[in-house]
Amino acid sequence: MELDISGARIFLETPIELPVLGKLVISETMIVSWLVLLIITGLCIWLTHDLKEENISKKQAVAELIVETANKFVIGNMGEKFRYMIPFVAALFATSAVSNLIGLVGLRSPTADLSTEAAWAVLVFILITAQKIRTSGFGGYLKGFTTPIPVMTPFNILSELATPVSMACRHFGNILSGIVINALVYGALAVASSALLGLLPGIVGDVLSKIPVLDVGIPAILSVYFDWFSGLMQAFIFCMLTTLYIANAAES
Amino acid sequence: MQVQELVGIVPWTFIAQILNLFLQIYLIKRFLFKPVNEMLEKRKAKADAQIQDAEKAKTEALAMKTEYEQSMQEARSKANEILATAQKTAATQSEEILKDARAEAVALKAKAEADIAQEKRKAVNVLKDEIGDMAMEIAGKVIERELSEKDHEKLIDEFITNVGETS
């Protein structure tokens, strides 16, 4: 029994090649990301189609709930002046959550590719830095690294860089660990069921031992934690950290 | 089929994901936040208008109530006035009526007394005449003689006095 846990598959390798960036390849991550994009946008269009002022339908109530929750979340964590950040945080959360949950239908989550989280984390890092510079000026931003004493400068730079790295790796690690554990459980259960049914005598045992009976049902229970809970939790944590870091940058 | 490394950053994917996120921000803004916020704004405006209408109606109702109370007060005072006048008129009238009645009663009594006195006198006169005649007759019959003028008179008086004493 061999178990293969690999990265995203590469569907197409284009001849375009640039220095530093390398060959342009269309990977599973990109394809599923576009699918996620379409799903979220389609959901938004479906939810907000036919809006009414009174006597609202259930789907309009859901749309209003989503908008109000996003407003409350961002304004509650960052304050009224960051109202323009609402679509960013909402898009981040929706993309992350749907990307994590899309693994449930057998597709490979885009969030199981470190490139995705790295992209988001770098974007958040740029926003944090921009907010810091806006708050205390460029000189003030640089001077911030030497506090409380100039000796601390390397450590401050390190901790500054650790923010995006930790954000990206936390998210990626959680999703990847879910995939790895799921694959291990599937493999182990297949081996177990094969061994169990192989005990049957003759050809019946040979045929039945090829069918991984124990794979039915049991992994679904693990999926509740690794896909549903962990997937939504990581999306929430990523957005929470984003808002808190940016709000923090605005204060100091 | 080729696969990527399990843990690694692919530059093209990195760029694509940043662009995807920007696109997603735009799309979520355009298709979720804009319509819903517009709708919420409209609903809020409507609710505000309704509250204003309600306040206006309340003010009007209060004005009407004041007016009503004022007219009620007026009506009450008018009714009191009318009642007072009526009472006064009634008192005056009853007094007048009483006075008239009393005067009439007094007049009636006086007249009755006068009548009674007259009747009495009349009766006395008639009696006197009759008694005189009777006396004369009785005297004539009893005595059967001529009486002197002097005796005559003396007898009558005697008689009358007797009658007066007995009656």
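Conventions used here
- Residues numbered from 1 in each chain as written.
- Chains lettered and ligands numbered in written order.
- Predicted model: local features only at pLDDT ≥ 70, side-chain atom pairs only at ≥ 80, totals over all residues.
- Helix = DSSP H or I, 4+ residues; strand = E, 2+ residues; numbered from the N terminus.
- Rg over C-alpha atoms; globule rule 2.2 N^0.38 Å.
- Buried ≥ 20, exposed ≤ 12 C-beta atoms within 10 Å, placed from the backbone.
- Contact = placed C-beta atoms within 7 Å.
- Expected span 1.5 Å × (residues − 1).
- Arc of directions from axis to C-beta.
- Axes fitted to C-alpha atoms, helices over the stretch in contact; angles between N-to-C directions.
- Parallel < 35°, antiparallel > 145°, perpendicular 65-115°, else oblique.
- Left-handed = near helix turned anticlockwise from the far one by under 90°.
- Nonpolar A, V, L, I, M, F, W, Y, C, P; charged D, E, K, R; others polar.
- Pairing = 2+ DSSP bridges.
- Core = buried A, V, L, I, M, F, W, Y, C linked by C-beta atoms within 7 Å.
- pLDDT = per-residue confidence, 0-100.

A. Layout of the overall build of chain B. Within chain B, the secondary structure is distributed over two helices and zero strands. Taking 167 residues into account, the globule formula puts the C-alpha radius of gyration at 15 Å, and chain B, at 64 Å, lies well above it. Taken along the three principal axes of its C-alpha coordinates, chain B extends 200 × 30 × 20 Å. Expressed as a percentage of the 167 residues in chain B, the buried residues total 10%.

B. Summary view of the overall build of chain A. Regarding its fold elements, chain A presents seven helices and two strands. The C-alpha atoms of chain A give a radius of gyration of 23 Å, which is well past the 18 Å a tight globule of 252 residues would have. The buried share among the 252 residues of chain A stands at 30%. When contacts within chain A are restricted to residue pairs at least 6 apart in sequence, those whose partners lie at least 24 apart make up 63%.

C. Expanded view of unusual backbone geometry. At the junction of Thr147 of chain A and Pro148 of chain A, the peptide bond is cis and its omega measures out at -10° in the coordinates. Relative to the assigned elements, Pro148 of chain A resides in the loop between helix 4 (114–143) and helix 5 (153–197).

D. Structural view of helix 2 (residues 58–78) of chain A. Residue and element names in this part refer to chain A. Taking 1.5 Å as the rise per residue, helix 2 with 21 residues should run 30 Å; its terminal C-alpha atoms sit 30 Å apart, in good agreement. Of all the positions in helix 2, only Ala63, Ile66, Val67, Ala70, Val74 and Met78 are classed as buried. Looking down the long axis of helix 2, one finds its buried residues gathered within 90° of arc, a one-sided arrangement. Looking at helix 2, the residues exposed on the side facing more than 90 degrees away from the buried face are Lys58, Ala61, Leu65, Thr69, Lys72 and Gly76. Once helix 2 ends, the next one or two residues include Gly79, with phi positive near 95°.

E. The packing of helix 4 of chain A against helix 7 (residues 218–251) of chain A, seen in detail. Residues and elements named next belong to chain A. Relative orientation of the contacting elements helix 4 and helix 7 amounts to 15°, with a least axis distance of 8 Å. By the angle between their axes, helix 4 is roughly parallel relative to helix 7. The two elements helix 4 and helix 7 cross, and the hand of that crossing is right-handed. On the side of helix 4, the interface is formed by Val124, Leu127, Ile128, Gln131, Lys132 and Thr135, while helix 7 contributes Thr242, Tyr245, Ile246, Ala249 and Ala250. Tallied by class, the residues present in the contact of helix 4 with helix 7 amount to seven nonpolar, three polar and one charged.

F. Spatial organisation of the pairing of strand 2 (residues 22–27) of chain A. Where strand 1 (residues 10–18) of chain A meets strand 2 of chain A, five bridges bridge the pair, whose relative direction is antiparallel. Along strand 2 of chain A, the bridge assignment pairs Leu12 of chain A with Ile26 of chain A.

G. Broad picture of the environment of Leu127 of chain A. Positionally, Leu127 of chain A belongs in helix 4. Considering only alpha carbons, one finds Leu127 of chain A and Ile246 of chain A, 119 residues apart in sequence, at a separation of 7.0 Å.

H. The nonpolar core, seen in detail. Counting residues in hydrophobic clusters, the biggest one holds 55 residues, and the most contacted among them are Val89, Ala90, Leu92, Phe93 and Ala94 of chain A together with Ile28 and Leu32 of chain B. In this structure Phe93 of chain A touches Ala235 and Cys239 of chain A, once residues within four positions along its chain are discounted.

I. Inspection of the environment of Gly42 of chain A at higher detail. Mapped onto the fold, Gly42 of chain A is located in helix 1 (residues 28–48). Considering only alpha carbons, one finds Gly42 of chain A and Ile175 of chain A, 133 residues apart in sequence, at a separation of 25 Å.

J. Inspection of the confidence of the model for chain B at higher detail. When pLDDT is averaged along chain B, the result is 88, and 94% of the positions lie at 70 or above. Scored as a complex, the prediction yields pTM 0.71 and ipTM 0.86.

K. Seen up close, the pairing of strand 1 of chain A. Of all nine residues in strand 1 of chain A, zero are buried; the element is thus mostly exposed. Between strand 1 of chain A and strand 2 of chain A, which pair antiparallel and follow one another directly, the connecting turn spans three residues, one of which, Val20 of chain A, has a positive phi of 70°.

L. A look at helix 3 (residues 86–101) of chain A. Given a rise of 1.5 Å per residue, 16 residues ought to cover 22 Å, and the 22 Å separating the end C-alpha atoms of helix 3 of chain A matches this to within 8%. With 15 of its 16 residues buried, helix 3 of chain A lies for the most part within the structure.

M. Region of interest: the confidence of the model for chain A. Per-residue pLDDT for chain A averages 88, and the proportion of residues at 70 or more is 99%. Within chain A, helix 6 (residues 202–208) of chain A has the poorest average pLDDT of any element, 77, and helix 3 of chain A the best, 94.

N. How the structure looks around the packing of helix 2 of chain A against helix 3 of chain A. Residue and element names in this part refer to chain A. The geometry of helix 2 relative to helix 3 is characterised by a closest axis approach of 9 Å and an angle of 115° between their N-to-C directions. By the angle class used here, helix 2 and helix 3 are roughly perpendicular. Remark: the crossing between helix 2 and helix 3 carries right-handed chirality. Only Ile86, Val89 and Ala90 of helix 3 make contact with helix 2, whose side of the interface consists of Ala70, Asn71, Phe73 and Val74.

O. A look at the environment of Ser194 of chain A. Residues and elements named next belong to chain A. Secondary-structure assignment places Ser194 in helix 5. A C-alpha to C-alpha distance of 9.0 Å links Ser194 and Asp206, two positions 12 residues apart in sequence. Sequence-distant contacts of Ser194, defined by excluding residues within four places in its chain, comprise Ser209 and Pro212.

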